[in-house]
Amino acid sequence: KRRDTNHNREKIIKELKRNQSIVLVTKSSNHNKILLQFCKKVAKQFKNIIFVTITKPFNKIRAELEIAGVDTSNYVFIDCISSRYNVEVKDSKNCVYVNSPEMLTDVSAAISRALRNQNALLLLDDVSSLAIYNENTNVLKFLQGTIIRLQKQNASGIFLMLDDDKKEDMIKDLSLFADKVVRS
């Protein structure tokens, strides 16, 4: 099973070299593991990694990455969920807080500010969770705009999504403007 995960991670990295924007569809059982292993591998390949977290607060994500041996010094986190947990939030050098994942305009503005160089990678930890807080059409518009912004900046993007039959239509829609959909 470990070999399969490593193979999948290598496949994703290979696809990222050929495609600027990838929708990565994962099973819920290995979603977090794939995310952590991917972060460990790509952290050295990009000057700037923008990690948009919809599922876990910044402090928890950063702790998980550090335990996994990921150097987060080149990461900028956009935390969209801490306010939901009534965690006291204050922007810092490497974290910007957005009041809610429902505030897609604010998330978009934070991404724009974080895209400061051409060797950047945007990681959005869970499109499926974003769709819980917003209508699918709004999520699709947000993602399309984000992908266009990435193209203009010559940056890359990985948009993780849980493999769920209910989201199959959304995956098909995303495939219209993302360069590649990869199932892991």
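Here we summarise the structure given alongside this text. (Residues numbered from 1 in each chain as written. Predicted model: local features only at pLDDT ≥ 70, side-chain atom pairs only at ≥ 80, totals over all residues. Heavy atoms only, no water.)

**Comments concerning the overall build of the protein chain**
Quick reminder of the rule: By definition, any uninterrupted DSSP run of H or I lasting at least four residues is a helix, any uninterrupted run of E lasting at least two residues is a strand, and each is numbered from the N terminus. With C-alpha atoms as the basis for the radius of gyration, the globule rule is written as 2.2 Å multiplied by the number of residues raised to the power 0.38.
Helix and strand counts for the protein chain come out as seven helices and seven strands. Element order for the protein chain, N to C, with α for helix and β for strand: α-β-α-β-α-β-β-α-β-α-α-β-α-β. Scaling as 2.2 N^0.38, a compact globule of 184 residues should have a C-alpha radius of gyration of about 16 Å, and the protein chain matches this with 15 Å. Expressed along its principal axes, the backbone C-alpha trace of the protein chain runs to roughly 40 × 35 × 35 Å.

**A short note on the side chain of Glu64**
The following threshold applies: Relative accessibility decides the category of a residue: with a 1.4 Å probe and only protein chains considered, values under 20% of the type maximum give buried, values over 50% give exposed, and everything between is partly exposed. We call two residues contacting when some pair of their heavy atoms lies within 4.5 Å.
Locating Glu64 in the fold gives a position in helix H3 (residues 58-67). Exposure remark for Glu64: the relative accessible area of 17% places this residue in the buried category. Setting aside residues no more than four positions away along its own chain, Glu64 makes contact with Asn32, Leu36 and Lys56.

**So, the sheet that holds strand S1 (residues 21-26)**
Note the following rule: Note on pairing: two strands pair once DSSP finds at least 2 bridges between them. As a rule, the C-alpha atoms of each element are fitted with a line to give its axis, helices using only the stretch in contact, and angles between N-to-C directions run from 0 to 180 degrees.
Ordered by their spatial adjacency, seven strands build an open sheet running S4-S3-S2-S5-S6-S1-S7, and the pairing between neighbours is parallel. The two strands at the open ends of the sheet, each matched to only one other strand, are strand S4 (95-97) and strand S7 (180-183). Across the sheet, the axes of successive neighbouring strands diverge by a mean angle of 15°, strand direction being ignored. Sheet topology note: the strand S5 (residues 120-124)/strand S6 (residues 156-162) ladder contains four bridges and is parallel. Each residue of the ladder has a partner; that of Leu121, found in S6, is Ser156. Across the sheet, helix H2 (residues 31-42) is in contact with S1, strand S2 (48-53), strand S3 (75-79), S5 and S6; its angle to S6 comes to roughly 165°. Of the strands in this sheet, S2, S3 and S4 touch H3, which is tilted by about 145° from S3.

**Considerations on the nonpolar core**
Put simply, the test is: In this description, a nonpolar core means a group of buried Ala, Val, Leu, Ile, Met, Phe, Trp, Tyr and Cys residues linked to one another through side-chain atoms lying within 4.5 Å.
Ranked by size, the top nonpolar core spans 35 residues in total, and within it Val52, Leu124, Val127, Leu143 and Leu174 carry the most contacts. Considering each element in turn, this core owes the most residues, six residues, to helix H6 (residues 136-153). Beyond its immediate sequence surroundings of up to four residues, Leu174 is in contact with Val23, Val127, Leu140, Leu143 and Met161. One finds Ile34, Tyr75, Leu121 and Val182 within the second-largest nonpolar core, a separate group that totals 28 residues.

**Considering the packing of helix H4 (residues 104-114) against H6**
Applicable threshold: Every angle not falling under 35 degrees, over 145, or within 65 to 115 is termed oblique; those three ranges are roughly parallel, roughly antiparallel and roughly perpendicular. We call a crossing left-handed when the near helix sits turned anticlockwise from the far one by less than a right angle, and right-handed when that turn is clockwise. Ten residues, namely Ala, Val, Leu, Ile, Met, Phe, Trp, Tyr, Cys and Pro, are considered nonpolar, four, namely Asp, Glu, Lys and Arg, are considered charged, and the remaining ones, Gly among them, are considered polar.
Following both chains from N to C, one finds H4 and H6 inclined at 15°, their axes separated by 11 Å at the closest point. By the angle between their axes, H4 is roughly parallel relative to H6. For the element pair H4 and H6, the recorded crossing hand is right-handed. Where H4 abuts H6, its residues Leu104, Val107, Ser108, Ile111 and Ser112 lie against Asn138, Val139, Phe142, Thr146 and Arg149. Class assignment for the residues of the contact of H4 with H6 results in five nonpolar, four polar and one charged.

**Points about the environment of Val89**
Tracing the backbone shows Val89 in the loop between S3 and S4. When the C-alpha positions of Val89 and Asp79 are compared, they lie 9.4 Å apart, and in sequence the two are ten residues distant. Non-local contacts of Val89, meaning those with residues more than four positions away in its chain, are made with Ser82 and Tyr97.

**Points about the side chain of Ser21**
Residue placement: Ser21 occurs in strand S1. Given the relative accessible area of 3%, Ser21 is considered buried.

**Some thoughts on the pattern of salt bridges**
Think of it this way: side chains of opposite charge can pair up when their charged atoms draw near. Under the convention used in this document: Each reported salt bridge corresponds to a side-chain nitrogen of Lys or Arg within 4 Å of a carboxyl oxygen of Asp or Glu.
Across all of its chains, the model carries five salt bridges by this definition. The residue Glu64 makes a salt bridge to Lys56 at a minimum N-O spacing of 3.0 Å. Across the pair Arg183 and Asp163 runs a salt bridge whose closest N-O atoms are separated by 3.2 Å. One end of the pair, Arg183, is in strand S7; the other, Asp163, is in the loop between S6 and helix H7 (168-174), with 20 residues separating them in the sequence. In this structure Arg183 comes out as partly exposed when scored by relative accessible area, which is 37%. Residue Asp163 is classed as partly exposed on the basis of its relative accessible area, which comes to 33%. Three or more residues joined by partner-sharing salt bridges are found here, namely Lys27, Asp163, Glu168 and Arg183.

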